[in-house]
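What the coordinates show
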Amino acid sequence: MPATTHSPKPYDGPTREEVLATRREFLAPSLLTYYRDPLMIVEGSMQWLFDETGRRYLDFFGGIVTVSVGHCHPRVVEKVREQVERLQHTTTIYLHPTIAEFGRKLASTMPANSGLEVCYFTSSGSEANELAMLMSRLYTGNFDLIALRNGYHGMTNQAMGLTGLHTWKQPLLHGIGVHHARLPDRLRGPYGYDDPDAGSKYADEVIDLIQYGTSGQIAGFIAEPIQGVGGTVEIPLGYLPKVYEAVRAAGGVCISDEVQTGFGRTGTKFWGFENHGVTPDIVTMAKGIGNGAPLGACVARAEVAGSMANRLHFNTYGGNPVSMAAGLATLNVMLEDDLQSRCRDIGGHLLEGLKNLQSNHDIVGDARGQGLMLGLELVMDSKSLAPNGPAAAQVHDRAKEMGLLLGKGGLKGNVLRIKPPMCITREDCDFAIDVLDRCLHEVS
Ligand SMILES: Cc1ncc(COP(=O)(O)O)c(C=O)c1O
């Protein structure tokens, strides 16, 4: 395992077993834990996490793609600490300099002349998507929304409706007015992995859906440029431009959910939608924006955002000084240290290692993704491509025992999700590939 200079502080709190028992008794039964033996994490430093015994883990999932610049990044911690000491909370009924500065800086990361410049701050990605839905309906005067199957857009009532209903075990009551189009999944869809026109063919299905499956008057279309929870599914090129055009022709606006793909994670561009040559009307974001702070945002074109002008929009914690300090400090680290290039370079090296695993293990059906938004899809064998959820669960568990934390996703739970903090090194990647190689040998 690569070395670190960080040594964890001694831990003298309750044991893992005590915490587990207390949690089972007093916390929501719907809370999920990873691993046969749930892991307790009590400290973090950059790409490293430590359990209560001081054991160190290489974090390749970043608290579900949330810790972007590194656990307890010193420059972020310092700004948050300064802010907490000075003023912890006011709402947006008073002026505060940091929200204005962060709004300006965040808008400056959007493509030139995109008009994406008005920021609404929230405490989560779900709330940002709620706002995007509301804005698109208010702005267009239409009601129908289109989302993709297997997409994930959050856990508030309406966001659950956007989220592919059947997919994530949510009751069908949510999502009135939301229509789900087929996920353009190159591995599992009908058009073949290497079909250069697959994007356009999948887009034709959305055109059909608008015409025959909706009122024909669309409020908005939302998609993640790479599906995260859905299993690192890359939207094929050519899909979004055609869909955006059709949605706009039907009166709708286009929403890019960048909660996982934003902030340079895909390496080639700062925002995931830029890889597709499209410009959305609304961009939603969260997670990596605050390196772990409860922070989300919805950035829209002025005229779309203006639809809210006569409405009261109030969010007690959205835009609070501490989250704003975290967001601004995180963005400064990303830009000053050019972490986007790092995602491209280190991510390219990591993807190469994953592709080698695919060549050497029949149960790896696909190795894919961009930058540091990667996935390894496990199958029964490379002929049938039948999803192999049990193997993914085993690899996931064994990797933890070997000191590597990964994510899991996909409809059948058969995709290992690899989305580490952006500060990882090549050496970390080599260690991770070695662990994965050993785990895959064990389960094959
Ligand atoms: C793509 C995407 N959108 C929205 C959300 C919801 O964000 P939050 O959990 O902050 O509400 C998530 C969370 O995983 C996500 O991955």
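Each chain carries its own residue numbering, running from 1 in the direction its sequence is written. In keeping with the predicted nature of the model, local features appear solely for residues at pLDDT of at least 70, side-chain atom pairs appear and are counted solely at 80 or more, and the whole-chain, interface and lining totals rest on all residues. Side-chain metrics rest on all non-hydrogen atoms present in the structure, leaving aside hydrogens and water.

Some words on the packing of aromatic side chains
For this analysis, a ring pair means two rings from Phe, Tyr or Trp (six-membered ring only for Trp) whose centres lie within 6.5 Å, classed as stacked if their planes differ by under 30 degrees, edge-to-face if by over 60, and tilted for the remaining angles. Here the structure, examined in full by the defined rule, presents eight aromatic pairs. Each residue in the set Y34, Y35 and F61 is aromatic and connected to the rest through ring pairs, giving one cluster. Geometrically, a charge over a ring is one whose NZ (Lys) or CZ (Arg) sits within 6 Å of the ring centre while staying within 35 degrees of the ring normal. Over the face of the ring belonging to F143 we find R137, whose NZ or CZ atom lies 3.8 Å from the ring centre. Between the NZ or CZ atom of R186 and the centre of the ring of Y193, over which it lies, the distance is 4.2 Å.

Details of the sheet that holds strand 1 (residues 41–45)
A pair of strands counts as paired when DSSP detects no fewer than two bridges linking them. Counting from the N terminus, the helices are the DSSP runs of H or I reaching at least four residues and the strands are the DSSP runs of E reaching at least two. Read from one edge of the open sheet, four strands run 1-2-3-15, paired in mixed fashion. Of all strands in the sheet, those bounded by a partner on one side alone are strand 1 and strand 15 (404–405). Where strand 1 and strand 2 (residues 48–51) come together, four bridges link them in antiparallel fashion. Within the sheet, the bridge partner assigned to G44 lies in strand 2 and is L49.

Observations regarding the pattern of salt bridges
A side-chain nitrogen of Lys or Arg and a carboxyl oxygen of Asp or Glu constitute a salt bridge if their distance falls within 4 Å. Per the stated rule, a full pass over the model turns up 20 salt bridges. Two residues, D281 and R301, come together in a salt bridge whose shortest N-O distance is 2.9 Å. Placement of D281 in the loop between strand 10 (253–257) and strand 11 (282–285) and of R301 in strand 12 (residues 296–301) is noted, with a sequence separation of 20 residues between them. One exposure class covers both D281 and R301, and it is buried. Where E401 meets R398, a salt bridge forms, and the shortest distance between an N and an O atom there is 2.6 Å. One end of the pair, E401, and the other, R398, are both in helix 12 (residues 389–401), three residues apart, so they sit about a helical turn from each other. One network of salt bridges, in which partners are shared, links R188, D366, R368 and E377. Three labels apply to residues, based on accessible area from a 1.4 Å probe with only protein chains included: buried if under 20% of the type maximum, exposed if over 50%, partly exposed otherwise in between.

Comments concerning the site of the ligand
Taken together, S124, G125, S126, N129, Y152, H153, G154, E224, D257, V259, Q260 and K287 form the complete shell of residues around the ligand. Counting of polar contacts relies on pairs of N or O atoms within 3.5 Å, with two restrictions inside protein: one atom must be capable of donating a hydrogen and the other of accepting it, and residues adjacent in sequence are counted only when both atoms are side-chain atoms. For the ligand, an oxygen atom lies 2.8 Å from a polar atom in the backbone of G125. Within the side chain of Q260, one N or O atom sits 2.7 Å away from an oxygen atom of the ligand. Accessible areas in this description were obtained via Shrake-Rupley with a 1.4 Å probe; residue shielding takes into account the shown protein chains only. If the ligand stood free it would expose 390 Å²; the protein chains cover 84% of that surface. Whether a residue is near a molecule or strand depends on its heavy atoms: it is near if one of them lies within 4 Å of it.

Section: the domain arrangement of the protein chain
A common way to state how big an interface is: give the accessible area lost once the parts meet. Note that the domain bounds were set by an automatic or database domain assignment. When the domains of the protein chain are assigned, the result is domain 1 (53–69 + 339–443) and domain 2 (77–336). Averaged C-alpha coordinates put domain 1 and domain 2 at centres separated by 25 Å. Contact definition: two residues touch when any of their heavy atoms are within 4.5 Å. Residue-level contacts link 35 residues of domain 1 with 33 residues of domain 2. The contact between domain 1 and domain 2 buries some 2800 Å² in all, and 52% of this surface belongs to carbon and sulfur atoms. Summed over both partners, the accessible surface that disappears when two parts come together, traced with a 1.4 Å probe, is what is meant by buried area. When the buried surface of domain 1 facing domain 2 is broken down by residue, Q340, Q370 and M373 rank first, second and third, together holding 23% of it.

A look at the sheet that holds strand 5 (residues 144–148)
Strand order in the open sheet made by the seven strands is 4-12-11-10-7-5-6, with mixed pairing throughout. The strands lining the two open edges of the sheet, one partner per strand, are strand 4 (116–122) and strand 6 (178–181). The average angle at which neighbouring strand axes cross in this sheet is 20°, direction not considered. When strand 7 (residues 218–223) meets strand 10, the two strands line up parallel, connected through four bridges. Each bridged residue has a counterpart across the sheet, and for A223 the counterpart in strand 10 is S256. Most of the contacts of helix 8 (residues 239–249) go to strand 7, to which it runs at about 165°, and overall it touches strand 5, strand 7 and strand 10. Inter-axis angles, ranging from 0 to 180 degrees, are taken between N-to-C directions of lines fitted to C-alpha atoms, where helices are fitted over the stretch in contact.

Details of the environment of M46
With respect to the secondary-structure elements, M46 resides in the loop between strand 1 and strand 2. Along the primary structure M46 and H73 are separated by 27 residues, whereas in three dimensions their C-alpha atoms are 6.0 Å apart. For M46, the contacting residues outside a window of four places in its chain are V69, G70, H71, H73, P74, P421 and C423.

What about unusual backbone geometry?
The phi torsion at C72 lies on the positive side, around 50°, for a residue other than glycine. Position of C72 relative to the elements: it lies in the loop between helix 2 (62–65) and helix 3 (74–86). Of note in this structure, K287 is not a glycine but carries a positive phi near 50°. With respect to the helices and strands, K287 occurs in the loop between strand 11 and strand 12. K287 sits in the partly exposed class, given a relative accessible area of 22%.

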